[in-house]
Structures are given as structure tokens and as C-alpha cells.
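Structural description and commentary
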Amino acid sequence: MVDPVIASRLQFALTTIVHIIFPVVSMGLAPFLLYFTWKDIRTGEPVYEQLRRFWTRIFAVSFVVGTVTGIVLEFEFGTNFAAFATTAGPLFGGPLAVEGMMAFMLEATFLGVFVFGRERVGDALYMISAVAVGLGTWLSAVWILIANSWMQMPRGYELVTRNGEQVIHLVDPIAAYATPRFFWMFVHMQNASVESVSLAMAGLSAYFVFKHHVWERPVDHVTFWETTLKIAVVGLLITAPLQVFHGDLYARHVYETQPQKFAAMEAVWETDSYVPEYLIAFPTSIESLLDPRAKEIFGIGIPGGASWLASGGDPQATIRGLEEFEGPQPPVAVVFWSFRIMVALGFWFVTLAFWSGYRWYRGELFADDLLHKALMASSPLGVLAVELGWVVTEVGRQPWIIQGVMKTSEGVSPGLTGAEATATLVGFAAAYLGLLTLYGYVITRLIRAGPPDRADLVTTAPTESEVAADD
Amino acid sequence: MTSVETLSSGPLFGLPLPDLWFGLLFFIFATFLFLDGFDFGVGALFVTREDAAEREQFLAAIGPFWDGNEVWLVVFGGALFAAFPPVYANLFSRHYLLMFAILGALLLRGLAPEMYEQRHDERWQRWWGRSFVAGSLATPFFLGLFTANWLLGSTALVTLPGVLVGLTVVALTVVDGVAFLRLKTRGDLRADLQADGYRALAAYLVLVVATLAGIYALAPSLRATMRSPLVLGLVGLTLVLAAAYALATRRNRYYLAFVAAAGLVFALVAVVAALLYPSVDPATGLTVEAAIVPTLSLNLMSIGAALLLPLVFVYFVVLYSAFSGPIEAEESY
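Just so it is clear, the structure is predicted and the values come from calculations on it, not from any experiment. (Residues numbered from 1 in each chain as written. Chains lettered and ligands numbered in written order. Predicted model: local features only at pLDDT ≥ 70, side-chain atom pairs only at ≥ 80, totals over all residues. Heavy atoms only, no water.)

What about the overall build of chain A?
Helix and strand counts for chain A come out as 16 helices and eight strands. Taken over C-alpha atoms, the radius of gyration comes to 24 Å for chain A, in line with the 23 Å a tight globule of 471 residues would show. Evaluated residue by residue, chain A yields a buried proportion of 60% over its 471 residues. Contacts in chain A between residues at least 24 apart in sequence constitute 78% of all its contacts with a sequence separation of at least 6. When the accessible surface of chain A is split by element, carbon and sulfur atoms take 65% of a total near 18200 Å². Computed over 28 positive and 43 negative side-chain charges, the separation of the two mean positions in chain A equals 5 Å. (Helix = DSSP H or I, 4+ residues; strand = E, 2+ residues; numbered from the N terminus. Rg over C-alpha atoms; globule rule 2.2 N^0.38 Å. Buried < 20%, exposed > 50% of the residue type's maximum accessible area, 1.4 Å probe, protein only. Contact = heavy atoms within 4.5 Å. Areas by Shrake-Rupley, 256 points an atom, 1.4 Å probe, with all protein chains shown as cover. Lys, Arg positive; Asp, Glu negative; His and termini not counted. Charge placed at Lys NZ, Arg CZ, Asp CG, Glu CD.)

What follows is the structure, given as C-alpha cells:
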């Protein structure tokens with residue numbers, strides 16, 4: 001029997017880690033779908049119709065899985081974190097309710113039109129539905145991140161005793177909901193989604209382009225895959241450098257507002273100035289195996305690097321060490337390594353973007369087999385970087401569920417038993433494993449089937465629905 | 001910050017916002033139960049069809065709609081959380097395993113149609129067809145169980161009234177599903193469904209009577225409310241709506257039958273709300289006034305809901321008019 005607090009935390013972590021994949025796919029695909037739809041309507045070129053239809057299917061399947069896993073998350077605040085829900089509800093519940101009414105409704109209703117309605121509605125309404133779906137996915141992120149950023153940077157509230165319990169009352173909505181943290185989180189998350197989808201598209205299309213141009217094997221829909229690759233490279237060229245740029249500004253904001261998290265990201269234990277940016281660090285002893293001690297022992301670091309990054313240019317800047325903060329620390333190793341790998345991936349994506357861009361400029365985008373292999377191998381890494389980013393954000397703020405206000409352990413439902421929590425944790429682990437397998441299987445099948453041929457469309461009209469039948 | 005001071009000093013326009021939110025909450029729940037209810041009903045009726053083409057038509061009928069319909073549940077959860085946080089927390093954590101049963105059933109129901117269409121071999125479709133039926137029966141049953149436990153302040157997972165309400169809700173979703181499918185189908189299939197509609201309606205009426213009698217016998221605290229003109233009126237309205245449904249079905253007035261089905265769902269949810277009020281959670285004794293969020297949050301949410309919910313109805317009108325009328329023979333999911 002797992003302790004209900006630990007089981008609840010594991011379960012929430014598991015459900016978020018699995019759920020986030022699908023919003024990333026939806027948010028990242030949204031601008032591409034908008035572009036494909038617009039080009040399809042404007043030019044009528046077959047390749048854009050194929051692009052629209054193919055990626056719409058991927059979107060639709062991802063949306064279904066995203067919906068079922070998202071409802072779970074909303075309910076878990078009530079089932080597993082009832083104390084948090086009671087305390088923070090007057091301030092925290094609002095954004096969730098508005099997310100449902102403003103964003104999810106928009107996305108879910110117009111998705112019906114977008115997926116099934118090409119033959120049923122006119123061009124204008126069809127385009128509107130594409131915009132509505134895209135807007136819905138992005139607005140969802142706005143409201144969820146407003147709620148989350150408040151937990152990271154609580155403002156605009158007061159603690160009041162009501163019905164015998166301490167509750168958080170909203171007093172200044174602008175301060176509470178429009179935190180600077182929200183801005184950085186949103187920019188970083190949206191850009192990461194588009195970047196991740198660009199990478200996945202690039203890797204996938206590189207496979208077919210590689211097979212056709214380098215291996216000279218027969219490949220269906222060569223133009224389709226070549227166009228996909230080019231569009232993905234454009235997406236990557238825009239998003240990859242931006243991600244590093246605002247990632248840096250975001251980290252600086254964390255240094256100012258959540259120094260404990262920043263110290264964990266850098267594994268700085270003692271307050272110091274001229275702190276190096278360690279690329280690798282090792283624990284001091286076997287007992288502290290899980291605590292990288294950046295300072296005391298062997299490590300590879302750039303002198304003054306961490307101070308320079310934290311302050312935005314001053315290598316002498318002081319970083320407050322973990323030992324200055326009372327009470328339990330976040331698991332430093334998890335935060336330290338997640339942050340490092342995420343940043344390394346970010347730089348790797350910039351390399352890929354420029355490499356692809358250069359080859360394209362030289363007219364060799366379809367000929368560089370090493371590039372194709374690199375893209376193929378990097379296909380899932382964008383999503384991995386997003387996951388690691390969330391690990392830094394959420395694990396890094398532990399032990400707080402609301403930074404400096406409420407501990408995660410205090411937020412768990414008081415009546416929850418270990419047996420109940422363990423039962424659902426095991427159930428979720430099994431169900432989500434099955435769900436991911438199923439999702440992978442379906443996506444693979446869709447990719448194997450490839451884009452629909454235009455010739456099919458003409459002979460068996462009205463086939464929008466028929467082709468959607470294979471969704 | 002004068003505007004914030006105005007918003008936190010008193011309710012907007014002096015409206016009784018806590019009571020309005022109590023009403024709105026049940027309105028949202030009823031909307032969910034009506035809209036997703038026909039999806040559940042279609043799922044339950046799926047088991048009665050052996051023919052592959054007919055099954056395809058059932059799936060095609062709900063294809064564009066069910067996602068949007070299900071969002072009403074998310075909005076219900078969000079609204080409960082935002083308006084009555086202690087109720088949301090207490091209710092959901094108290095019914096811990098039941099909530100996850102609902103989620104599991106919904107997951108099955110949501111995935112099944114999508115998966116059913118992924119492959120066209122018999123084994124695959126047989127299993128996903130079964131999942132679809134199971135999810136579509138289990139979700140309304142668990143929701144009914146949850147609602148009964150909520151209303152009666154029960155902390156036990158399974159209770160006799162809970163099971164009765166669960167079955168009642170299942171029967172109601174089938175009534176609803178028949179009304180929807182008769183809008184979306186043609187010919188023999190449409191004619192066949194008529195009998196299913198009568199059977200489901202009869203089952204619903206029997207179960208409603210049994211449930212009300214059971215609650216009357218087992219929950220003395222609710223007896224006075226049950227004899228109130230409002231509740232008696234709603235029960236009377238249910239009988240009128242049931243007659244209208246049967247008559248409209250018989251005369252092939254499809255839209256009228258669909259509207260009557262909606263009326264039945266709203267009447268049932270209204271009975272639950274009437275029996276609860278002025279409490280929102282009998283188990284903890286929290287009343288609407290004690291559980292509602294403070295004025296500033298409430299006013300902001302009310303402004304949000306007043307702006308957004310009409311917009312949501314526009315989306316639904318667009319969606320339902322884009323896919324109005326029976327599905328064409330070639331159309332499938």
C-alpha cells in the first residue's frame with residue numbers, strides 16, 4: 001500500500017506527463033493546419049489538400065486522447081487534492097471554469113465541423129472552423145497557464161478563515177492572473193509546441209525523402225513528403241532560436257522569483273558569487289548519490305556561467321544556495337539533470353534548424369543523408385524536451401503546491417486512504433500504458449496509409465466522410 | 001482600483017448570484033446529460049444492431065457531435081470548482097473510486113468509436129464495439145449513482161437508491177438516443193427504432209416511480225420537499241413530456257420527440273436540484289450561501305459566464321445546423 005500523499009503525487013505526475021503530449025500535438029499542429037487549410041482553399045493544389053487531410057487525422061486522434069486524459073486532470077484536483085481545491089478554489093477554480101467555457105468549447109464544437117464538414121459547409125465557414133479550432137487550443141493553454149503560474153508566483157490574494165478553514169480569497173485579479181510568470185510560461189510553452197511538432201514532422205518526412213532520394217526506393221506521395229519537410233524546416237528555423245532566447249529570459253525570471261528552484265536547477269548548495277555553469281556534476285559521496293554537488297567536487301563548468309545567466313550578464317552575481325532555504329528541498333538531481341538535458345536539446349534543435357536551412361539554401365535539402373538521419377532520430381525529442389521542461393517547473397517548486405503558501409503534502413485529500421490511492425494509481429499506470437500503446441499504433445497506421453490520393457476523391461465522391469471513416 | 005472595489009463590495013446589480021450559480025450548475029449538468037446522453041443512448045442501442053452498415057450509421061450520427069457534448073461535463077466540473085470549491089473538493093474526494101469509475105467509463109466510450117474505425121477486420125471491431133456499448137452503459141449508470149449519493153448525502157459507494165437512479169439515467173439516455181437516431185436515420189432502421197423508444201420510455205417511467213418511492217421511504221428529511229408544488233409539478237411535467245414523446249414518436253414528428261426527450265432530462269435534473277436546495281451538499285451540511293466563493297470571484301465568473309455561454313450556444317447552433325438531417329447512405333464515421 002502506497003502512502004496516499006505519495007500515491008496522489010505519483011498519479012498526478014503520471015497523468016500530467018501523459019496528458020501534456022496531446023495538447024502539445026494540438027497546439028503545435030494548429031498553425032500548420034491553418035496554413036494548409038488556407039492554401040488548400042486559395043490554391044486548390046492537391047498537395048495542400050493532402051496535407052490538410054493527413055494532418056487533420058493526426059490532430060483528431062490526438063484530440064480524442066487529449067480530451068479523455070484532460071478530464072482526468074480536472075477531476076484529480078477534487079479527488080486527490082481536495083484540501084488544495086478547498087483552499088485555493090476561490091481563486092484557482094475560475095480560470096479552469098473559463099478554460100472550459102471559452103477555449104475547450106470553441107475547440108471541441110468546431111473540430112466537428114473541421115473534421116467532418118468539408119463537404120457540408122462553405123469555404124468561409126470551413127476556414128472559420130479551422131481558425132476556431134486553433135484559437136481554442138491556444139486559449140486553453142492561456143487559462144491553464146494562468147492557473148499554473150499563480151501557483152508558481154502567488155499574488156493578489158489574502159488568507160481568510162471561512163467555515164473553520166484557511167481559504168485563499170482573490171483581492172486583486174490583475175495581480176493574481178496577469179503574473180509575469182504567465183507571460184514567460186505561455187511564450188515558452190507555445191513556441192515549444194510548434195517546435196516539437198516541427199521536429200516530429202521533419203523527422204517523419206525526412207524518412208520518406210531519405211527512402212526516395214538516397215535509397216532510391218519506391219515511395220508514394222513524394223511531393224507530399226518533400227513539401228512537409230520544407231514546411232517543417234521553416235517551422236524549426238522560426239521556433240528553435242526563439243526557444244533558446246526566451247528560455248534564457250524565463251530562467252532569469254525564475255532566478256528572481258523562485259530562487260530555491262533556480263538553485264536546484266544549478267545544484268548550488270552554498271550561496272556564492274561567480275558561480276560556474278556546470279555541464280556535468282557529480283555527488284560527493286555514495287550517500288548523496290542523488291544530489292549533484294556542483295561546487296565541491298569534480299565537474300565540468302564554465303566559470304561564472306551560472307551567475308552570468310542568472311543576472312543577464314554579470315559573472316559576479318550572487319546565487320542563493322539551497323542551504324539558505326528552510327525545510328525540505330526539491331529533489332535536486334531530477335531538476336538539475338532535467339534542466340541540463342532540456343537546454344542541451346534546445347541547442348541541438350537550433351543546430352538542426354540551421355543545418356537544414358543551410359542545405360536548403362544550397363539546394364541539397366533532399367540529398368544530405370546524414371541530416372535526414374539526424375532529423376529522424378530527433379523526431380520525438382521535442383516532446384521529450386517539453387516533458388523535461390515541465391519536470392523542472394513542477395518538481396523544482398516542491399515541496400510547495402503553492403509557492404511559499406501551501407505544501408503539496410498539505411494539499412492532499414484528508415480522507416483519502418492508501419488503498420484507494422494505490423488502486424487508482426495502479427489502474428492509471430495500466431490504462432495509460434495501454435492508451436499510449438494504442439495511440440502509437442494508430443498514428444503508425446495513419447502514417448503507413450499515407451495521405452489520401454486525390455484520384456480516389458474524384459471517383460468516389462463524396463468521400464470526405466469515407467476517408468474520415470479510416471480515421 | 002475602483003472597479004475592483006465595486007466588484008468586491010456587493011453582488012452584480014444586486015442579483016442573487018449564489019442561487020443563480022446553483023441553478024446554472026444544474027442547467028450545465030442537464031445540458032451535458034441531454035447532449036452526451038444521446039451519445040450514450042446511441043452506444044447502448046449499438047448492441048441491438050448486428051448489421052455492419054447500420055452500426056456505421058450509428059457511429060456516423062454522433063461523430064461530429066460527441067466531443068463538443070462531452071465538454072459540458074468539463075464545464076460542469078470547472079463551474080462546480082469555481083463556484084463551490086468546498087463542495088467540489090468534498091464531493092469528489094468522498095466518491096473517490098466512483099469518480100475514477102466514471103472517468104474510466106468515459107475513457108472507454110470516448111476511445112471506442114475512434115478505434116472502431118481504425119481497422120476493418122471483424123475481431124477488432126467486435127471488441128471495440130463491445131467497449132463502446134460498455135462505456136456508454138457504464139457512464140450514465142455511474143453518473144446516476146454519483147448523483148443519488150450526492151443528493152442523499154451517502155458516503156457508501158453503492159446504495160439501493162443509487163442503483164435505481166443509475167438505471168433510471170441509463171433508461172433516459174436510451175430514450176434520448178432513440179430520439180436522436182430517428183432524426184439521423186431513414187427507412188427501415190428509423191422504423192425499427194420506434195419500438196426501442198417505447199420500451200425505453202416505459203422502463204424510464206417505471207424506474208422513476210420506483211426511485212421516487214424509494215427515496216420517499218428511505219429519506220424522511222426529503223419528504224416535505226417531495227410534496228412541494230415544485231417537485232409535484234415537475235413530476236406532472238414528466239408525465240406530460242412522456243406522453244408527448246410517445247405521441248410524437250408514433251406520428252413521426254422527429255424534432256418534437258427530440259425536444260420532449262430534452263424536456264425529460266431537464267425535468268429530472270430539476271427534481272434533483274429542487275430536492276437539494278438550499279443545501280448543496282447534504283453530507284457536509286454546506287448550504288449555497290456557505291459554500292459559494294467570495295463576491296469578487298463570483299462577480300468575475302458571472303461576467304465571464306454571461307459573455308461566454310451565449311457564445312457557446314452559437315457554436316452549437318453552427319455545429320448542429322452544419323450536420324442537420326439524416327446522414328447519407330455513403331456517410332460514415
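Examining the overall build of chain B
Across its full length, chain B holds 14 helices and two strands. Against the globule reference of 20 Å for 333 residues, chain B gives a C-alpha radius of gyration of 21 Å, in line with a compact fold. Projected onto its principal axes, the C-alpha coordinates of chain B cover approximately 60 × 50 × 40 Å. Out of the 333 residues belonging to chain B, those deemed buried represent 63%.

A closer look at helix α8 (residues 259-266) of chain A
All names here are of chain A. The element α8 is extensively covered by neighbouring structure, given that eight of its eight residues are classed as buried. Buried within α8 are the following residues: Pro259, Gln260, Lys261, Phe262, Ala263, Ala264, Met265 and Glu266. In the stretch just after α8, alanine 267 is the one whose phi turns positive, near 55°.

Looking at the pattern of salt bridges
All names here are of chain B. According to the stated counting rule, one finds 20 salt bridges over all chains in the structure shown. Note that arginine 49 is salt-bridged to aspartate 196, the shortest N-O span being 3.5 Å. In this pair, arginine 49 is assigned in the loop between α2 (17-46) and α3 (52-62) and aspartate 196 in helix α9 (residues 187-218), connecting sequence segments 147 residues apart. Classification of arginine 49 by relative accessible area gives buried; the value is 8%. (Salt bridge = Lys/Arg side-chain N within 4 Å of Asp/Glu carboxyl O.)

Quick look at the interface of chain A and chain B
If you look at the interface, chain A gives 71 residues, while chain B gives 69 residues. Here chain A packs against chain B, burying approximately 6100 Å² in sum over the two surfaces, 74% of which is carbon and sulfur. Inspection of the region where chain A meets chain B yields zero salt bridges. In this structure, the connection of chain A to chain B is made through 13 residue pairs in polar contact (both at pLDDT 80 or more). Those elements that place two or more of their residues in the side of chain A that touches chain B are α2 (46-79), α3 (82-116), β2 (165-170), α5 (173-177), α14 (418-449) and α16 (464-469) of chain A. The element that contributes the greatest number of residues to the side of chain A that touches chain B is α3 of chain A, accounting for 24 residues. Broken down by class, the residue content of the side of chain A that touches chain B amounts to 43 nonpolar, 18 polar and ten charged. (Buried area = accessible area lost by both parts, 1.4 Å probe. Polar contact = N/O pair within 3.5 Å; in protein donor to acceptor, adjacent residues only side chain to side chain. Nonpolar A, V, L, I, M, F, W, Y, C, P; charged D, E, K, R; others polar.)

Describing the pairing of strand β1 (residues 157-162) of chain A
Residues and elements named next belong to chain A. In this sheet, β2 lies alongside β1 in antiparallel orientation, the contact comprising six bridges. The partner of glutamate 158 across the bridge, within β2, is histidine 169. The turn linking β1 back onto β2 is made up of two residues, and asparagine 163 within it adopts a positive phi angle of 50°. (Pairing = 2+ DSSP bridges.)

Concerning the confidence of the model for chain A
Detailed conclusions should not be drawn from predicted coordinates in areas where pLDDT is low. All names here are of chain A. Model confidence for chain A is summarised by a mean pLDDT of 89, while 93% of its residues fall at 70 or above. Here α16 stands out as the least confident element of chain A, with mean pLDDT 42; helix α12 (residues 381-395) is the most confident, with 96. This stretch, residues 456-471, has a pLDDT under 50; its non-local contacts, to residues over four places away or in other chains, come to 36 contacts. (pLDDT = per-residue confidence, 0-100.)

A look at the packing of aromatic side chains
Applying the stated criterion to the full structure yields 59 aromatic pairs over all chains. Measuring from centroid to centroid gives 5.2 Å for phenylalanine 428 of chain A and tyrosine 432 of chain A, while their planes differ by 90°, and the two rings are edge-to-face. Placement of the pair is phenylalanine 428 of chain A and tyrosine 432 of chain A together in helix α14, with a separation of four residues, close to one helical turn. Over the ring of tyrosine 216 of chain B we find arginine 223 of chain B; its NZ or CZ atom is 5.3 Å from the centre of that ring. (Phe/Tyr/Trp six-rings, centres within 6.5 Å; stacked < 30°, edge-to-face > 60°. Lys NZ or Arg CZ within 6 Å of the ring centre and 35° of its normal.)

Thoughts on the packing of α9 of chain B against helix α11 (residues 229-250) of chain B
All names here are of chain B. Their axes nearest at 10 Å, the elements α9 and α11 cross at an angle of 170°. Between α9 and α11, the angle is such that the two are roughly antiparallel. Residues Gln194, Gly197, Tyr198, Leu201, Tyr204, Leu205 and Leu212 of α9 lie in contact with α11, whose contacting residues are Val235, Thr238, Leu239, Ala242, Tyr245, Ala246, Thr249 and Arg250. Residues belonging to the contact of α9 with α11 are distributed by class as follows: ten nonpolar, four polar and one charged. (Axes fitted to C-alpha atoms, helices over the stretch in contact; angles between N-to-C directions. Parallel < 35°, antiparallel > 145°, perpendicular 65-115°, else oblique.)

Considerations on the nonpolar core
The biggest cluster of nonpolar side chains holds 278 residues, and the ones touching the most others in it are Trp55, Phe84 and Phe92 of chain A together with Phe84 of chain B. With 21 residues, α3 of chain A is the largest single contributor of residues to this core. (Core = buried A, V, L, I, M, F, W, Y, C linked by side-chain atoms within 4.5 Å.)

Remarks on the packing of helix α4 (residues 66-83) of chain B against helix α6 (residues 96-116) of chain B
Residues and elements named next belong to chain B. Closest axis-to-axis distance for the α4/α6 pair is 11 Å, and the angle between their directions is 165°. Judged on the interaxial angle alone, α6 and α4 are roughly antiparallel. Considering how the two elements wind past one another, α4 and α6 form a crossing that is left-handed. Facing α4, whose interface residues are Trp66, Glu70 and Leu73, α6 presents Leu106, Arg109 and Gly110. When the residues that make up the contact of α4 with α6 are grouped by side-chain class, the tally is three nonpolar, one polar and two charged. (Left-handed = near helix turned anticlockwise from the far one by under 90°.)

Side note on the side chain of arginine 340 of chain A
All names here are of chain A. Structurally, the position occupied by arginine 340 is in helix α10 (residues 332-361). Given the relative accessible area of 10%, arginine 340 is considered buried. Here the side chain of arginine 340 touches glutamate 277 through a polar contact of 3.1 Å, side chain to side chain.

Quick notes on unusual backbone geometry
Proline 399 of chain A follows glutamine 398 of chain A through a cis peptide bond whose omega is 10°. Here proline 399 of chain A shows up in the loop between α12 and β7 (400-402). For asparagine 252 of chain B, which is not glycine, the phi dihedral falls at a positive 60°. For asparagine 252 of chain B, the location among the structural elements is in the loop between α11 and α12 (254-276). Residue asparagine 252 of chain B is classed as partly exposed on the basis of its relative accessible area, which comes to 39%.

Brief notes about the side chain of glutamate 99 of chain A
Residue and element names in this part refer to chain A. For glutamate 99, the location among the structural elements is in helix α3. One buried charged side chain, glutamate 99, makes no salt bridge at all; its nearest oppositely charged neighbour is arginine 397, positioned 16 Å away. For glutamate 99, the contacting residues outside a window of four places in its chain are Phe104, Ser140, Trp143 and Ile144.

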